[in-house]
Structure formats: structure tokens, C-alpha cells
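Structural description and commentary
Each chain is listed here by its residues.
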Amino acid sequence: MDVIYSRHYNIDLGLLNRLHPFDGTKFRAIHDGLKANSRINFVEPAEPASMELIDGFLTSLMSKQVRSAVLVLRALEVPRIPFMRFSFIDRKVLAPMRWGVAGTMLGAVNALERGGVHWNLSGGYHHAMPQAMEGFCIYNDIGICHGDLVRRGLLAPDDKVLIIDTDAHHGNGNAATFKNNRNVTLLDVYNVGIYPTSEYTRRRVDIPAPMAMGTDGETYLKHYAEALEKLADGYRLAFVVAGTDTLASDRLGGLCLSIDDVAERERLTLHALSRRSIPTVMLGGGGYSKDSAKAAIRAISICSEIPGIH
Ligand SMILES: [Zn+2]
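Residues numbered from 1 in each chain as written. Predicted model: local features only at pLDDT ≥ 70, side-chain atom pairs only at ≥ 80, totals over all residues. Heavy atoms only, no water.

Looking at the overall build of the protein chain
Cut-off, in case you're wondering: Only DSSP runs of H or I covering at least 4 residues are called helices, and only runs of E covering at least 2 are called strands; the numbering of each starts at the N terminus. Our radius of gyration is a C-alpha quantity, and the globule rule it is checked against amounts to 2.2 Å times the number of residues to the power 0.38. To sort residues, take the accessible area from a 1.4 Å probe on protein chains only and compare it with the maximum for the residue type: under 20% means buried, over 50% means exposed, and anything in between is partly exposed. Note on contacts: a residue pair qualifies if any of its non-hydrogen atoms lie within 4.5 Å across the two residues. Methods summary: accessible areas were calculated by the Shrake-Rupley approach with a probe of 1.4 Å, and residue burial reflects only the protein chains presented. In this tally, Asp and Glu contribute negative charge and Lys and Arg positive charge; neither His nor the terminal groups of the chain are included. Think of each charge as sitting on NZ of Lys, CZ of Arg, CG of Asp or CD of Glu.
Assigned secondary structure in the protein chain consists of 11 helices and eight strands. For 310 residues, the compact-globule estimate of 2.2 N^0.38 gives 19 Å, and the protein chain sits close to it at 18 Å. Here the protein chain holds 310 residues, and the buried ones make up 61% of them. Considering only contacts in the protein chain between residues 6 or more positions apart, those separated by 24 or more positions represent 73%. When the accessible surface of the protein chain is split by element, carbon and sulfur atoms take 52% of a total near 12700 Å². Side-chain charges in the protein chain split into 34 positive and 34 negative, and the spacing between the mean points of these groups amounts to 5 Å.

This is the structure we're talking about:
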């Protein structure tokens, strides 16, 4: 199984790391935890996604706003720091995210060419939209990638595409991005008691699996398996936002899954998609706790052993 990783994914602000609960170096920890696994083939994007590509996705107002230190810091949910220049934020935080977008692109191209599962350790910025950035998401990698694949003729505009979002938060950015594109199916499992609560984006979800605050692993997995049963066949490509902020140890997600529950969730996902022969790009999504890297390592290890997954 291909796992997509670049050392450039890591966001390390040194002493400033304490400004945010996000562990920006978890990608390195996941890579290091998997590098001895002979079933995993690490692949690396050659360069970050260009601003030209990203600007093609954004509204003209957002193209300006993603270059504003004040507005980017607000979207990253860190306090305004008067001395911090945009060039510093761009180099330390936004460039790693553009590498993450490139990883999603690489996974999608390889999935369409060869089928199978391609697991990007980064990406899954599901709160970003063409007209907004929020919730630690600046660039909507799935939307940017989908647009580029259609432009390059690798996807037809009417090809059926599936987005499964198992991050604890509702994927309002994907719902807004694909608001008028019914060729894209959204399956979203999310905690109803936390951000974001926008009704108009929740209404866009085709297969919702809302979870109450504090839902345990057994209940979550039962409802998620039922949601997966509702999937049709015939998808050309699937993106999965596999956030690990569903872990009980996560301060933001408000759900109570164990590391084994998260691994079982990813196994259920890949079983459902491989059974339907859907080329798949797994994406890191959110995950802020001390157990986040451990859960990803366990999940990827277990999924790499599923017969038929390559
Ligand atoms: Zn999340």
C-alpha cells in the first residue's frame, strides 16, 4: 500500500507550538512508526501545490485573504501576534499545507491510474471553501484536486466521486465546495454538538451519520457500518477524510473512540470501498491528541494487511 509523506508536511514553530493544540509534527511520528513495515511503500510529492493552482480554486477575494497574516492567523485559531510577518507564517505553516495538497493530488492521480488505496498522511482540510478559510483549514485539498483532475481530463465532470468524512467535525468546506455538484456524494459522520453547526452545509450531506456528544466506539462503529451499507457502486474515485480527533483523548472532538476503534473504522472504510472496487485516497484530517499518531500507525498497519488492498 502506498503511503504518501514528505518531511515538508511537518509544522514546527519551536516555542510557538504551544499557541495551538495541533501537533504539527505528527506526520514525522507516523512515518517513523511505519518505516519498518515492508508492506508499505512510501511515496513523496515532488513539489508543493502552486499558488496558481490554489488561486484557480479560490474566489478573487479569498485569493487576497489567504495572503493576509491577520486573516490566516484567525483561520488557524491562534491569537494575533503583532510581530509575526506573513512570510514567516507562509514558510512555517502554509507551505507545509501546500505540500499536503500536493500529496492529495499525487494520491488521486495514482489511484485513478492504478486503483487501490493511496494514503496521504496530510490533507483533508475539510473546513476550507472557495470563499472561506476556517477551522485550521486554509486550502480545500479535495476541491482543488477535483477541479484540477477535471481540467486535465483525468476525471470527467460527470464522473461519480465519493467523499467519506469520518473526522469528528462536520465537513462544511466540502459541503460548500460541492454544494451544486450532485456527481459528488458526501457521507459524513460527525459530532452534532461541536463546530461547525451550519445547517445549510449539513443539509448538503447525502448520507449523514450524526453522533451525539460523548458517543462511544461501539455505537459509533455500528452507525458508521450502517451508513457504509447505503453506498452505491460506480464511483470513479473516493476521498476519505480520516481524522483521528474522534479519539477519547482528543480535547476538541468530543467523541470517545479508542485507538483500536479508529483502526477498526479505517478497516471498515477500506473493506467497503475495495468491495466496490473504488480507487481510494485516504487523507489525514484532524487529530490533535497525544494518541493521534499512534492511532494512524495502528490503522495503516492493520489496513495494509487486508487481503486485496494494494
Ligand atoms: Zn476535526
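With respect to the packing of helix H10 (residues 259–275) against helix H11 (residues 292–303)
Under the convention used in this document: The convention used is that axes are lines fitted to C-alpha atoms, helices contributing only their stretch in contact, and that angles between N-to-C directions extend from 0 to 180 degrees. Oblique is the label for any angle not covered by the other classes, which are roughly parallel (under 35 degrees), roughly antiparallel (over 145) and roughly perpendicular (65 to 115). Two helices cross in a left-handed way if the nearer one is turned anticlockwise from the farther one by less than a right angle. They cross in a right-handed way if the turn is clockwise.
Relative orientation of the contacting elements H10 and H11 amounts to 40 degrees, with a least axis distance of 8 Å. Accordingly, the angle class assigned to the pair H10 and H11 is oblique. Crossing handedness for the pair H10 and H11: right-handed. Residues Ile-259, Asp-260, Val-262, Ala-263, Glu-266, Arg-267 and Leu-270 of H10 pack against Lys-294, Ala-295, Arg-298, Ala-299, Ile-302 and Cys-303 of H11.

Overview of the coordination of the zinc ion
Where we set the bar: The donor set covers N, O and S atoms within 2.8 Å of the metal, switching to 3.2 Å for Na, K and Ca, and it leaves out water, so a site may look short of donors.
Protein coordination at the zinc ion: the donors are Asp-167 (OD), His-169 (ND1) and Asp-245 (OD), at 2.0 to 2.1 Å from the metal. Along the chain, the residues that donate to the zinc ion are spaced as D-x1-H-x75-D. For Asp-167, a relative accessible area of 1% gives the class buried. On the basis of relative accessible area, His-169 is assigned to the buried category, the value being 7%.

A short note on the pairing of strand S4 (residues 161–165)
Our working rule: Note on handedness: a clockwise path from strand one over the helix to strand two, with the strands aimed away from the viewer, defines a right-handed crossover. The pairing criterion for strands is at least two bridges between them, as found by DSSP.
With five of five residues buried, S4 lies mostly within the body of the structure. Burial along S4 is two-sided: the face carrying Val-161, Ile-163 and Asp-165 and the face carrying Leu-162 and Ile-164 are both buried. Viewed along the sheet, the connection from S4 through helix H7 (residues 172–177) into strand S5 (residues 184–191) turns out right-handed. With five bridges joining them, S4 and strand S7 (residues 237–241) adopt parallel strand pairing. Along S7, the bridge assignment pairs Leu-162 with Ala-238.

A short note on the pattern of salt bridges
Threshold: We count a salt bridge whenever a side-chain nitrogen from Lys or Arg sits within 4 Å of a carboxyl oxygen from Asp or Glu.
Under the criterion given, the structure shown has 18 salt bridges. When the shortest N-O distance is used, the salt bridge between Asp-90 and Arg-98 registers 2.9 Å. Salt bridges sharing common partners tie together Asp-148, Arg-151 and Arg-152.

Brief notes about the packing of aromatic side chains
Note the following rule: Here is the rule: rings of Phe, Tyr and Trp (six-membered ring for Trp) pair when centre to centre is within 6.5 Å. Planes less than 30 degrees apart are stacked, more than 60 are edge-to-face, and the remainder are tilted.
Per the stated rule, a full pass over the model turns up three aromatic pairs. With a centroid separation of 5.9 Å and 80 degrees between ring planes, the pair formed by Tyr-9 and Phe-27 is classed as edge-to-face. One end of the pair, Tyr-9, is in the loop between strand S1 (2–4) and helix H1 (26–34); the other, Phe-27, is in helix H1, with 18 residues separating them in the sequence. Overall, Tyr-9 belongs to the buried group, its relative accessible area being 0%. Taking the centre distance of 6.4 Å and the plane angle of 45 degrees together, the rings of Tyr-220 and Tyr-224 count as tilted. Remark: Tyr-224 and Tyr-220 occur in helix H9 (residues 217–229); sequence separation between them is four residues, near one turn of the helix.

So, the UniProt feature "domain: Histone deacetylase" (unreviewed entry) in the protein chain
As a reminder of what qualifies: UniProt positions are given in the numbering used here, feature names are shortened, and annotations may be inferred rather than shown by experiment.
Here the UniProt feature "domain: Histone deacetylase" (unreviewed entry) sits at residues 92–299. With 39% helix and 15% strand, residues 92–299 has its two end C-alpha atoms placed 28 Å apart.

Observations concerning the packing of H1 against H11
Where H1 contacts H11, the two axes come as close as 9 Å, and the packing angle between them is 40 degrees. For the element pair H1 / H11, the angle class is oblique. For H1 against H11, the interelement crossing comes out right-handed. Within the contact between the two elements, H1 uses Lys-26, Ala-29, Ile-30, Gly-33 and Leu-34 and H11 uses Ser-292, Ala-293, Ala-296, Ile-297, Ile-300 and Ser-301.

Re the nonpolar core
In plain terms, the rule: To form a nonpolar core, buried Ala, Val, Leu, Ile, Met, Phe, Trp, Tyr and Cys residues must be joined to one another through side-chain atoms within 4.5 Å.
If you look at the biggest cluster of nonpolar residues, it comprises 54 residues, and the most contacted ones within it are Trp-119, Leu-121, Ile-164, Leu-187 and Ile-300. Look past the residues within four positions of Leu-121 in its chain and what remains in contact with it is Val-3, Ile-4, Tyr-5, Tyr-9, Phe-27, Ile-30, His-31, Gly-284 and Ile-300. If you look at the next biggest cluster of nonpolar residues, it comprises 29 residues, including Leu-53, Ile-81, Phe-136 and Tyr-139.

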